[in-house]
Amino acid sequence: MNVRTRFAPSPTGYLHVGGARTALFSWLYARKTGGKFILRIEDTDRERSTEASVNAILEGMEWLGLDYDEGPFYQTEQFDRYQEVIKQLLDSGDAYYCDCSKERLTALREQQMADKEKPRYDGCCRDKGLSAADNTVVRFKNPLDGDVIIDDLVKGRVVINNRELDDLIIERTDGTPTYNLTVVVDDWDMKMTHIIRGDDHLNNTPRQINILTALGAELPVYAHVPMILGDDGKRLSKRHGAVSVMQYKEDGYLPEALINYLVRLSWSHGDQEIFSREQMIEFFDAVDINTSASAFNTEKLQWLNQHYIKNKDPAVLADLMQQYITAAGYTSDDGPELTAVLKVFQERCSTLVELAQEIRFLYQDFTEYNAKQAKKQFKEASLPVLQSLQEQYASLQDWTAEAIHHVVENTVNTLEVGFGKVGQPLRLAVTGHGKSPSIDITLELLGKEKTLARLQQAIEFIKAKQAAGSRQ
Ligand code: GLU
């Protein structure tokens, strides 16, 4: 079978993680089977669809590397085709005109609710043989009985009796087609073999199957993927933090981390957590998709992100980091070579935003220290330590990690203090925040001139603190 899957977003907002995961599963299924993955933009809701949103979806898919083989196709370009199919259904007697007024339909619904019945159209115009008029809609003649059976790849067998469905509107009074009709026509025309989508669409599926059957179309296989929930068990929304895929980019996540996170969110392969793109394709099978909803866990995403940052080629990471460095308000032009810096720092952070903050001290001077750290490390006893270090570093010719380390050792020995009493104030003096990999490598990267200036600044800071203290 030539597998054909699709991602069919409605462009009414950004690409959110739920949509991205649906797209990922459709993409994986196509890649796994050597099939085709198609992108279809369902933009018939003209009031809510925007070009900005289309662009956001395309951008999100590109960032995640979900490449499509055909499309993007736009439903707004297919109106003639939808009209043609509606006419076909009218001609074959599978659809009919209905002129029921809004008032009648409202009264009907109210009555049904009062009788504790499921609100549904009662088929009033089904056999009237009405013709088209300004006030008519077209309804699909849903079969009156019998079951619709969906052998869903995720949910298993789902059976819906036709008595639970009604004759849905497929064309509005203004002549525009409705959602279920456009989806059916496109899935049919585009020869979709597998419809992988969120399970919020499960109640549309029997209706779509009935229309496809009326058209004599071959039925696709369905896979309805469970929802993503927030950590509080509610449906994932903005309340839970970032939900837009591009927001994750901005927050310093790597696409491979987000993809890996999303694939594991509702699918598993043994207890493996880390999947390369190739492995995902190799191991993926839709029947292994979990049947229940899964909760989004930011900590796990961070853990994966850290893994991918740590293992990224430093030169590639350096290119990626430019954006975050600029956003953090500095440049890496003046200072140690970024690739060399990242080699040392890349395993230390769980996002690129954090990484940009952590290495900032190598490129940008600062005048303030982390207050808590300063209180702890810049005590009176630190003054002779920093002064001694400054003196020795000033005369150090060979600015290498080894020689730098030697100076620290020497200070520990001559002043007879613990290693921490030297290393910690020194670290705070040069970084401002007190976090860095081993101090010798840090100083080597920072360079002699900057190290001396930072030591001088810290010495003055402690002296000023002392002066202020004695004045009190
Ligand atoms: N356009 C629909 C949505 O964004 C998806 C329709 C489908 O996958 O069949 O929810």
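Scroll up to find the structure this text is about.
Being a predicted model, the structure only gives us computed values, none of them experimental.

Draft legend 1. Region of the structure containing the overall build of the protein chain. If you tally the helices and strands in the protein chain, you get 19 helices and 12 strands. Here the C-alpha atoms of the protein chain give a radius of gyration of 32 Å, more than 25% beyond the 23 Å that 2.2 N^0.38 yields for 472 residues. Taken over the C-alpha atoms alone, the protein chain extends approximately 105 × 55 × 35 Å along its principal axes. Expressed as a percentage of its 472 residues, the buried residues of the protein chain come to 49%. Long-range contacts, defined here as pairs at least 24 residues apart, represent 75% of the contacts in the protein chain between residues at least 6 apart. Accessible area of the protein chain: about 22900 Å², with a carbon and sulfur share of 48%. Averaged over its 54 positive side-chain charges, the protein chain has a centre that lies 5 Å from the centre of its 70 negative ones.

Draft legend 2. How the structure looks around the packing of helix α1 (residues 17–33) against helix α8 (residues 255–265). With their axes 10 Å apart at the nearest point, α1 and α8 run at an angle of 80° to one another. In terms of orientation, α1 and α8 fall into the roughly perpendicular class. Each of V17, A20, R21, L24, F25 and L28 in α1 lies in contact with α8, whose residues at this interface are I259, L262 and V263. Along the lines of polarity and charge, the residues of the contact of α1 with α8 split into eight nonpolar, no polar and one charged.

Draft legend 3. Looking closely at the packing of aromatic side chains. Taken as a whole, this structure holds 15 aromatic pairs when the rule is applied. Geometrically, the ring pair formed by F79 and Y82 is edge-to-face, given 6.1 Å between the ring centres and 85° between the ring planes. Of this pair, F79 and Y82 are both found in helix α3 (residues 79–91), three residues apart, which corresponds to roughly one turn of the helix. Residues F79 and Y82 agree in their burial class; the two are buried.

Draft legend 4. Up close: helix α18 (residues 439–446). A large share of α18 lies buried, amounting to six of its eight residues. For α18, the complete set of buried residues consists of I439, D440, T442, L443, L445 and L446. Where α18 is buried, its residues touch α12 (338–345), α15 (382–394), α16 (401–415), α17 (419–431) and α19 (448–471). Phi turns positive, to about 95°, at G447, one or two residues after α18.

Draft legend 5. Summary view of unusual backbone geometry. Going from G71 to P72, the amide bond is cis rather than trans, its omega being 5°. Inspection of the secondary structure puts P72 in strand β3 (residues 70–74). Located in the positive-phi region is K116, a residue other than glycine, with phi close to 60°. You can see K116 is positioned in the loop between α4 (102–114) and β5 (137–140). The phi angle at E416 is positive, at roughly 55°, despite the residue not being glycine. Residue placement: E416 occurs in the loop between α16 and α17. With relative accessibility at 69%, the residue E416 sits in the exposed group.

Draft legend 6. Molecular detail of the environment of T205. Following the sequence through the fold, T205 ends up in helix α6 (residues 205–214). We classify T205 as buried; its relative accessible area is 0%. Sequence separation between T205 and L165 is 40 residues; the distance between their C-alpha atoms is 11 Å. Setting aside anything within four residues of it in sequence, one finds T205 in contact with I150, R197, Y222 and H224.

Draft legend 7. Highlighting the site of the ligand. Taken together, the neighbourhood of the ligand is formed by R6, A8, P9, S10, E42, Y179, R197 and H201. Between E42 and the ligand, the recorded distance is 2.6 Å, taken from a side-chain N or O atom to a nitrogen atom. Looking at the shell around the ligand, its residues break down into three nonpolar, two polar and three charged.

Draft legend 8. Geometry of the side chain of E358. Inspection of the secondary structure assignment puts E358 in helix α13 (residues 352–358). A polar side-chain atom of E358 sits 3.1 Å from a polar atom in the side chain of R348.

Draft legend 9. Structural context of the state of the cysteines. Tallied over the entire structure, the rule returns zero disulfides. Not part of a disulfide, C124 finds its nearest cysteine sulfur in C100, a span of 4.0 Å.

Draft legend 10. Structural view of the nonpolar core. Ranked by size, the top nonpolar core spans 100 residues in total, and within it L262, F296, M321, L355, I359 and Y393 carry the most contacts. In terms of residue count, the dominant contributor to this core is α1 (nine residues). The contact partners of L355, leaving out residues within four places of it in the chain, are I309, L317, M321, L342, F345, Q346 and C349. Counting 29 residues, the second largest nonpolar core, distinct from the first, contains I38, L181, V184 and Y222.

Draft legend 11. Layout of the sheet that holds strand β8 (residues 169–171). With respect to topology, three strands assemble into an open sheet ordered β4-β5-β8, the strand pairing being antiparallel. At either end of the open sheet lies a strand with only one pairing partner, and these are β4 (95–98) and β8. The sheet shows a mean angle of 45° between the axes of neighbouring strands, taken without regard to direction.

Conventions we followed
Residues numbered from 1 in each chain as written. Predicted model: local features only at pLDDT ≥ 70, side-chain atom pairs only at ≥ 80, totals over all residues. Heavy atoms only, no water. Helix = DSSP H or I, 4+ residues; strand = E, 2+ residues; numbered from the N terminus. Rg over C-alpha atoms; globule rule 2.2 N^0.38 Å. Buried < 20%, exposed > 50% of the residue type's maximum accessible area, 1.4 Å probe, protein only. Contact = heavy atoms within 4.5 Å. Areas by Shrake-Rupley, 256 points an atom, 1.4 Å probe, with all protein chains shown as cover. Lys, Arg positive; Asp, Glu negative; His and termini not counted. Charge placed at Lys NZ, Arg CZ, Asp CG, Glu CD. Axes fitted to C-alpha atoms, helices over the stretch in contact; angles between N-to-C directions. Parallel < 35°, antiparallel > 145°, perpendicular 65-115°, else oblique. Nonpolar A, V, L, I, M, F, W, Y, C, P; charged D, E, K, R; others polar. Phe/Tyr/Trp six-rings, centres within 6.5 Å; stacked < 30°, edge-to-face > 60°. Near = heavy atom within 4 Å. Polar contact = N/O pair within 3.5 Å; in protein donor to acceptor, adjacent residues only side chain to side chain. Disulfide = S-S within 2.5 Å. Core = buried A, V, L, I, M, F, W, Y, C linked by side-chain atoms within 4.5 Å. Pairing = 2+ DSSP bridges.

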